[in-house]
Amino acid sequence: MSEKRILLIVGGGIAAYKALELVRLLRKAGIAVRPILTAAGAQFVTPLSLSALCEDKVYSELFSLTDEAEMGHIELSRSADLVVVAPATADLMAKAANGLASDLASTTLLATDKPVLMAPAMNVRMWRHTATARNVERLKADGVAFVGPDEGAMACGEFGPGRMAEPEAIFQAIQRTLGGARPLAGRRAIVTAGPTAEPIDPVRVITNRSSGKQGYAIAAALAELGAEVTLVSGPVALPAPAGVRRVDVETAREMLAACEAALPADIAVCVAAVADWRPETVGASKIKKQAGGEPKPIALVENPDILAALSKAGRRPRLVVGFAAETDDVEANAKAKLAKKGCDWIVANDVSVEGTMGGDANAVAIVTAKGVERWERAPKADVARRLARKIAESLKT
Ligand code: CTP
């Protein structure tokens, strides 16, 4: 394996001294570390100690003529396999969550195309402040991974969560990310996401509310674990996740055809909010209002059920997962849906909880033949990663 490289951003906090121990662990494991030290970080550790331990020069300034001549900040942001922020201060997290680029560290976080791992460290009240909680949620939704913070006595004399994770724990989180645990390598997955749009005439459609966020996050999480993912997507305003093959469709029938074309597969996860019905006939020209007349009724016919079709397909994926957006009796309905559709799991989602539809967080229950597993409310990206890990686990045997 070629030498792995970390870009380590050291923020300003008393925990910065632990970053030195982290560097030592990384170097011992043969991992190269290139350090960025913020101005605040330099109040806690010296550039000299960081440079000596990293065996590399320390980058601190955005507009340094000498540094830019050797390596521009854009190149710097991409020169590693992983960007680690330790300690990640409230200020650095706020900048990253809002896309600010006011110094070298924040510019690097905005310019990088590499995975980012943050180890937060701050006073307990700062950690618990709604602004920080909002930033953490935002960053998680953007795909940033976190390790810690731990709970305990703090340098400021208070007690609670906010202590930076121990260097050993950060080191292990780095190893996990770099080691690229890819338990789904060689597996093929189909994910449906977004709504479908069923034309009434050339300008009107019947559709469902769906942002596509959860489906896209699941496609990304399965790809992260090594699966070869086909994302069959209705019309949404989201970019395709990295490493995922996206097939754009409009109608339920197109979605079904695209899923069938993607078979054989080991995994199917149907997250799309498929329109249950479509107009029986589609007007070739725009339906005009009749002056003073009644609106014409639209005759509807049922759409194919993609989840049920994949569950019964001749080349049925080994694991078929459906979603259930319910407002009442969530688990009972999900159990009934499991039987009706013939799938293996239903991820039941209580959409009566405000902020679920179109929002960034989700509380779900996983309903299988074995029982119900309830997961606490978490960002959609976290729910996706946890689901992807559970899928990988179930395919092991
Ligand atoms: N689904 C699908 N094709 C359809 C309808 C639904 O693939 N034509 C999938 C969804 O992607 C989801 C699951 O079926 O994974 C549950 O869909 P939902 O609309 O909640 O269930 P329905 O079968 O429509 O049942 P009900 O309307 O009674 O809730």
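Residues numbered from 1 in each chain as written. Predicted model: local features only at pLDDT ≥ 70, side-chain atom pairs only at ≥ 80, totals over all residues. Heavy atoms only, no water.

A. Region of interest: the overall build of the protein chain. Counting secondary structure elements, the protein chain contains 14 helices and 21 strands. Principal-axis analysis of the C-alpha atoms gives the protein chain an extent of 80 × 55 × 45 Å. Expressed as a percentage of contacts within the protein chain between residues at least 6 apart in sequence, the contacts between residues at least 24 apart total 67%. Element-wise, carbon and sulfur atoms account for 53% of the exposed surface of the protein chain, whose accessible area totals about 19,300 Å². The averaged location of the 46 negative side-chain charges in the protein chain is 3 Å from the averaged location of its 49 positive side-chain charges. (Helix = DSSP H or I, 4+ residues; strand = E, 2+ residues; numbered from the N terminus. Contact = heavy atoms within 4.5 Å. Areas by Shrake-Rupley, 256 points an atom, 1.4 Å probe, with all protein chains shown as cover. Lys, Arg positive; Asp, Glu negative; His and termini not counted. Charge placed at Lys NZ, Arg CZ, Asp CG, Glu CD.)

B. Quick look at the layout of surface pockets. Computed from the structure, the second largest pocket encloses a volume of approximately 1,000 Å³. Around the second largest pocket, the lining is made up of 41 residues, and of these Val-271, Ala-272, Ala-273, Val-274 and Ala-325 lie nearest the centre. Only strand E8 (188-193), strand E10 (204-207), helix H10 (213-224), strand E15 (300-302), helix H12 (306-312), strand E16 (319-326) and helix H13 (330-341) provide two or more residues apiece to the lining of the second largest pocket. Broken down by class, the residue content of the lining of the second largest pocket amounts to 18 nonpolar, 14 polar and nine charged. (1 Å grid on protein atoms, 1.4 Å probe; cavity = no way out; pocket = protein on both sides within 12 Å on 5 of 7 lines; lining within 4 Å. Points joined across faces, edges and corners; volume = space filled by probe spheres on them. Nonpolar A, V, L, I, M, F, W, Y, C, P; charged D, E, K, R; others polar.)

C. How the structure looks around the state of the cysteines. A complete count under the given rule lists zero disulfides for this structure. Looking at Cys-343, it has no disulfide partner, and the nearest cysteine sulfur is the one in Cys-270, 8.1 Å off. (Disulfide = S-S within 2.5 Å.)

D. The site of the ligand, seen in detail. Neighbouring the ligand are 14 residues; Cys-270, Ala-272, Leu-307, Phe-323 and Lys-341 lie closest to it. The backbone of Ala-272 places a nitrogen or oxygen atom 2.6 Å from an oxygen atom of the ligand. At 2.9 Å, a backbone N or O of Pro-304 approaches a nitrogen atom of the ligand. Contact with the protein chains hides 76% of the accessible area of the ligand, taken as 580 Å² for the molecule alone. In terms of residue count, the dominant contributor to the shell around the ligand is H13 (three residues). In terms of residue class, the shell around the ligand is built from eight nonpolar, one polar and five charged. (Near = heavy atom within 4 Å. Polar contact = N/O pair within 3.5 Å; in protein donor to acceptor, adjacent residues only side chain to side chain.)

E. How the structure looks around the pattern of salt bridges. Here the structure, examined in full by the defined rule, presents 23 salt bridges. Among the salt bridges present, the one from Lys-140 reaches Asp-382, with a minimum N-O distance of 3.8 Å. With a gap of 242 residues between them, Lys-140 in helix H8 (residues 130-141) and Asp-382 in helix H14 (residues 380-396) connect regions that are remote in the sequence. Among the residues examined, Lys-140 registers a relative accessible area of 23% and is labelled partly exposed. Arg-386 is the partner of Glu-376 in a salt bridge, and the nearest nitrogen-oxygen pair spans 3.6 Å. Linking Glu-376 in the loop between strand E20 (371-374) and strand E21 (378-379) with Arg-386 in helix H14, this pair joins segments that are ten residues apart in sequence. Accessibility expressed as a relative area gives 55% for Glu-376, which makes it exposed. Salt bridges here are not isolated pairs; linked through shared partners, they connect Lys-140, Glu-224, Asp-382 and Arg-385. (Salt bridge = Lys/Arg side-chain N within 4 Å of Asp/Glu carboxyl O. Buried < 20%, exposed > 50% of the residue type's maximum accessible area, 1.4 Å probe, protein only.)

F. Representation of the domain arrangement of the protein chain within the structure. When its domains are assigned, the protein chain resolves into domain 1 (5-177) and domain 2 (188-394). Centre-to-centre separation of domain 1 and domain 2, based on C-alpha positions: 37 Å. Opposite the five residues of domain 1 that make contact, domain 2 presents six residues. Interface of domain 1 and domain 2: buried area, both sides summed, is about 450 Å²; carbon and sulfur atoms make up 55% of it. It is Glu-137, Lys-140 and Ala-141 that lose the most area in domain 1 upon contact with domain 2, and together they represent 74% of the buried surface on that side. Between the two partners, domain 1 and domain 2, sit one salt bridge. At the boundary of domain 1 and domain 2, one finds one residue pair in polar contact (both at pLDDT 80 or more). Residues that form the side of domain 1 that touches domain 2 fall into these classes: one nonpolar, one polar and three charged. (Domains from an automatic or database assignment. Buried area = accessible area lost by both parts, 1.4 Å probe.)

G. Inspection of the sheet that holds strand E12 (residues 245-248) at higher detail. The sheet built from eight strands is open, its strands ordered E12-E11-E8-E13-E16-E17-E19-E20 with mixed pairing. The open sheet has two edge strands, E12 and E20, and neither has a second partner. Shown here is a sheet whose adjacent strand axes are inclined to one another by a mean of 20°, direction ignored. Along the sheet, H13 makes contact with E16, strand E17 (345-350), strand E19 (364-368) and E20, crossing E17 at roughly 150°. (Pairing = 2+ DSSP bridges. Axes fitted to C-alpha atoms, helices over the stretch in contact; angles between N-to-C directions.)

H. Spotlight on the packing of H10 against H14. The geometry of H10 relative to H14 is characterised by a closest axis approach of 8 Å and an angle of 45° between their N-to-C directions. By the angle class used here, H10 and H14 are oblique. Between H10 and H14 lies a crossing whose hand is right-handed. Of the residues in H14, those touching H10 at Lys-213, Gln-214, Ala-217, Ile-218, Ala-221, Leu-222 and Glu-224 are Lys-380, Ala-381, Val-383, Ala-384, Arg-385, Leu-387, Ala-388 and Ile-391. Of the residues assigned to the contact of H10 with H14, the class counts are ten nonpolar, one polar and four charged. (Parallel < 35°, antiparallel > 145°, perpendicular 65-115°, else oblique. Left-handed = near helix turned anticlockwise from the far one by under 90°.)

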